[in-house]
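Reading the structure
Below are the chains, spelled out letter by letter.
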Amino acid sequence: MALESIILEDEYVALEPMQTSHIEDLYCAGKDLSIWQWTTSKYCETLDATKQWVESCLENARLNIQQPFVIVDKTQDKIVGSTSYLNISLEHKAIEIGFTFLTPRAQKSYVNRRCKLLLLTHAFETLNLNRVALQTHEKNQRSRTAILAIGATFEGIHRNCRIQQNGSIRSSAFYSIIKPEWPQAKSELLAKLTKPAVEKTKD
């Protein structure tokens, strides 16, 4: 059973199925190399690298092991990053949210929490899953703080589980939200949502 191709959106952000037509916009969103400090590879280091990454994501989507989205800031009608469902196991009602990046100007904004709310709501309330997992580099404290802020529970460290593009060995911090925890996590996440800043105009 494959995941249905869908658009998830609210008033300010939209998660649209990734397509090859998004390659240039994703490159523009991800070419700041500071984004990729803690990731396995610098997926948008060049336009060609972005193309290869997108094609890999789309192939994984065809195999039903990934559902990749582009993140659109609807206030600008602009792609500001990407995220995915990963490690899809519908038979065990489990999924992971990952491969998430945001262009620097969208970080620490209203975008990330709204995206996570859309993904989590769809996972628990439409797909009726029992578990949603998230992971990040053990040393990525900003990401770890953000994951805790959406109501996830820290599960532990997978030690030396990946080799980064630069040859360093990564340990990953794993988190999850399970179905009984979702109502409270959703309520708390809704309370933390913010809106785009409104620019004041002179009379």
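Here's what I pulled together on the structure shown here. These figures come from a predicted structure and were not determined experimentally.

1. A look at the overall build of the protein chain
Within the protein chain one finds 5 helices and 8 strands. Seen in sequence order, the protein chain has helices and strands lined up from the N terminus as β-β-α-α-β-β-β-α-β-α-β-β-α. Expected size for 203 residues packed as a compact globule is a radius of gyration near 17 Å; at 17 Å, the protein chain falls within 12% of this value. Projecting the C-alpha coordinates of the protein chain onto the three principal axes gives extents of approximately 60 × 40 × 35 Å.

2. A short note on the sheet that holds strand 2 (residues 13-17)
An order of 1-2-3-4-5-6-8-7 is seen for the 8 strands of this open sheet, with the pairing classed as mixed. Two strands in the sheet have a free side with no partner beyond their single neighbour: strand 1 (8-9) and strand 7 (153-163). Strand direction decides the pairing type here: strand 6 (residues 131-137) and strand 8 (residues 169-178), joined by 7 bridges, are antiparallel. Among the inter-strand pairings, His137 is bridged to a residue of strand 8, identified as Ser172.

3. Describing the pattern of salt bridges
Applying the stated criterion to the full structure yields 6 salt bridges. The salt bridge partner of Asp10 is Arg114, with a shortest N-O separation of 2.9 Å. On the criterion of sequence distance, the pair formed by Asp10 in the loop between strand 1 and strand 2 and Arg114 in helix 3 (residues 111-126) is long-range, its members being 104 residues apart. When its relative accessible area of 21% is taken as the criterion, Asp10 is described as partly exposed. Relative accessible area serves as the criterion here: at 9%, Arg114 is assigned to the buried category. One salt bridge in this structure joins Glu55 and Lys51, with 2.7 Å as the shortest N-O distance. Of this pair, Glu55 and Lys51 are both found in helix 2 (residues 47-62), 4 residues apart, which corresponds to roughly one turn of the helix.

Basis of the calculations
Residues numbered from 1 in each chain as written. Predicted model: local features only at pLDDT ≥ 70, side-chain atom pairs only at ≥ 80, totals over all residues. Heavy atoms only, no water. Helix = DSSP H or I, 4+ residues; strand = E, 2+ residues; numbered from the N terminus. Rg over C-alpha atoms; globule rule 2.2 N^0.38 Å. Pairing = 2+ DSSP bridges. Salt bridge = Lys/Arg side-chain N within 4 Å of Asp/Glu carboxyl O. Buried < 20%, exposed > 50% of the residue type's maximum accessible area, 1.4 Å probe, protein only.

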